Amino acid sequence: MNSLWLSHFTAASCLGHGLAPTLAALRAQKSGLVPCAFETVTDLATYIGEVAGVDEAPLPASLAEYECRNNRLAYLGLRQDGFNAAVESAIARHGRRRVGVLLGTSTSGILQTEQAYRRRDPASGALPDDFIYRTTHNTYSVADFVRTAFNLEGPAMVVSTACSSSAKVFAAAARMIAAGLIDAAIVGGVDSLCLTTLYGFNSLELLSPAPCRPYDADRNGLSVGEAAAFILLERPADSLDTDAVLLLGAGESSDAHHMSSPHPEGLGARMAMEAALKTAGLQPADIDYINLHGTATPSNDAAEGHAVATLFGRQVPCSSTKGATGHTLGAAGGLEAIIGALALQHGFLPGGINTRRVDPDIPIHYLTANREDAPRRVLSNSFGFGGTNCSLILGRAA
């Protein structure tokens, strides 16, 4: 795989809007998780990672048909850190047909449907006339929204493979660029809070009543979050500065072990990590930090930890940053790739927070405090329901 340049990126999560507050929160080991008071939820004792200000930021009139929480969150992200200007510069360099949009999401704008359902006609049951499925609930909605916002004419697609969605788009974009279909791609993901997600995970008995504690011996479930993460992916420029971050490898697997439980020995996770190392031409010893999928559910952490231990032993420092952000589902892969890029640029390894006692039965080197270090290569794991797995390797250009 030829390396690709993360020429610009931005993220919005419960840690804040943009890279500066995200970095500051990671440095301070601060969590954005708060007790759940989302929408009409009054009966779930859990914590969530809600992005501030989404409800107060309607879309402009020109994009009004896309109005839903997911696209509001996307629009917020596009306007941070000069990302929209970076995309416009890429369009000027490559042309509108040569910039692709490849995004991940899981529930897309389903909240819009949930709200419309409350307003259905009492006699016929019909949904209200102002509800537009195509541009809101439809999984493709967010890619269509971003493509329309930038007036792009190139390929656009959405990957919806649960929690690996916005990691897998890096691999898909790399293939499109290698095939000569596009010269640049907007990749990443957007997933927003909705009732289906909250009550769905509750029905699976996977919600923690406190802020989640990845890899803790007494971990008892996840905390649902939301995020928008966008990365502009291009071929490397002729000259890159020392802060430039490259996509070195991407590995995907599908073990199809179970609809919601991972393979107990982490088979698919190990296959994805091995594939990422192979495409990057690296060995396990070449990795300096692993951002674990680490959802804080008993089975997920045990399976992933087993796979990491098999490949890396205790040699490579690891952590899950979901104690800070919550599990942002379809946006997790993009958000955590950006966290990996920040670690590379700013010379630190983010420690996992909330974890009181690392599970002694998982033989990995788990960080509970930040480490001042200068990693050159990081691996980021994203594993979804149904055994859809993806691992990304990022590295410094110099």
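The present account deals with the structure reproduced in this document. (Residues numbered from 1 in each chain as written. Predicted model: local features only at pLDDT ≥ 70, side-chain atom pairs only at ≥ 80, totals over all residues. Heavy atoms only, no water.)

### Describing the overall build of the protein chain
Regarding its fold elements, the protein chain presents eleven helices and 17 strands. For 398 residues, the compact-globule estimate of 2.2 N^0.38 gives 21 Å, and the C-alpha radius of gyration of the protein chain, at 20 Å, lies within 12% of that figure. Per-residue burial for the protein chain yields a buried fraction of 59% across its 398 residues. Of all intrachain contacts in the protein chain linking residues separated by at least 6 positions in sequence, the fraction that spans at least 24 positions is 78%. Carbon and sulfur atoms make up 51% of the accessible area of the protein chain, which amounts to about 14700 Å² in all. (Helix = DSSP H or I, 4+ residues; strand = E, 2+ residues; numbered from the N terminus. Rg over C-alpha atoms; globule rule 2.2 N^0.38 Å. Buried < 20%, exposed > 50% of the residue type's maximum accessible area, 1.4 Å probe, protein only. Contact = heavy atoms within 4.5 Å. Areas by Shrake-Rupley, 256 points an atom, 1.4 Å probe, with all protein chains shown as cover.)

### Some remarks on the sheet that holds strand S8 (residues 224-225)
With mixed pairing, three strands are arranged side by side in an open sheet as S3-S4-S8. Bordering the open sheet on either side are strand S3 (34-35) and S8, each of which pairs with just one other strand. (Pairing = 2+ DSSP bridges.)

### Remarks on the packing of aromatic side chains
Applying the stated criterion to the full structure yields four aromatic pairs. Where Tyr75 meets Phe145, the ring centres are 6.2 Å apart and the plane angle is 70°; that geometry is what we call edge-to-face. One end of the pair, Tyr75, is in helix H2 (residues 69-78); the other, Phe145, is in helix H5 (residues 141-149), and 70 residues separate them in sequence. Here the two residues Tyr75 and Phe145 agree in accessibility, since each one is buried. Members of the aromatic cluster, connected to one another through ring pairs, are Tyr66, Tyr75 and Phe145. The ring of Phe348 has Arg27 lying over it, and the distance from NZ or CZ to the ring centre is 4.4 Å. For the cation-ring pair, Arg120 lies above Tyr117, with the distance from its terminal atom to the ring centre recorded as 3.8 Å. (Phe/Tyr/Trp six-rings, centres within 6.5 Å; stacked < 30°, edge-to-face > 60°. Lys NZ or Arg CZ within 6 Å of the ring centre and 35° of its normal.)

### A few points about the pairing of strand S16 (residues 377-384)
The buried fraction of S16 amounts to seven of the eight residues, a majority that puts the element mostly inside the structure. In this sheet, S16 lies alongside strand S11 (residues 289-291) in parallel orientation, the contact comprising three bridges. Bridge pairing in S16 links Ile290 to Leu379. The pairing of S16 with strand S17 (residues 388-396) spans eight bridges and is classified as antiparallel. Paired with Ser380 across the two strands is Leu392, which belongs to S17. Linking S16 to S17, which pair antiparallel, is a turn of three residues; within it Gly386 sits at a positive phi near 80°.

### Remarks on the packing of H2 against H5
Contact geometry of H2 with H5 gives a least axis separation of 10 Å together with a crossing angle of 40°. As far as their axial angle goes, H5 and H2 are oblique. Here H2 runs over H5; the crossing is right-handed. Where H2 abuts H5, its residues Asn70, Asn71, Ala74, Tyr75 and Leu78 lie against Ser141, Val142, Phe145 and Val146. (Axes fitted to C-alpha atoms, helices over the stretch in contact; angles between N-to-C directions. Parallel < 35°, antiparallel > 145°, perpendicular 65-115°, else oblique. Left-handed = near helix turned anticlockwise from the far one by under 90°.)

### Observations regarding the environment of Pro363
Among the structural elements, Pro363 can be located in the loop between strand S13 (348-349) and strand S14 (365-366). With relative accessibility at 34%, the residue Pro363 sits in the partly exposed group. On a C-alpha basis, the gap between Pro363 and Gly305 in space is 7.2 Å, while along the polypeptide they are 58 residues apart. Once residues within four sequence positions are removed from consideration, Pro363 is found in contact with Ala309, Gly313 and Arg314.

### Considerations on the packing of helix H1 (residues 19-27) against helix H11 (residues 332-346)
Following both chains from N to C, one finds H1 and H11 inclined at 75°, their axes separated by 11 Å at the closest point. Classified by the angle between their axes, H1 and H11 sit roughly perpendicular to one another. Judged by residue contacts, Leu19, Thr22, Leu23, Leu26 and Arg27 of H1 engage Ile338, Ile339, Leu342 and His346 from H11. Classifying every residue of the contact of H1 with H11 gives six nonpolar, two polar and one charged. (Nonpolar A, V, L, I, M, F, W, Y, C, P; charged D, E, K, R; others polar.)

### Things to note about the nonpolar core
Among the nonpolar cores identified, the biggest contains 48 residues, and Leu102, Phe170 and Val187 are the most heavily contacted of them. If you tally residues by element for this core, the top one is helix H6 (residues 165-178), at nine residues. Val187 has contacts with Leu102, Leu103, Val169, Phe170, Ala173, Ala229, Phe230, Ile231 and Leu233, leaving out every residue within four places of it along the chain. Residues Val51, Ala74, Ala86 and Ala90 belong to the second largest nonpolar core, which totals 32 residues. (Core = buried A, V, L, I, M, F, W, Y, C linked by side-chain atoms within 4.5 Å.)

Note that all results are geometric; they support no functional claim without further evidence.
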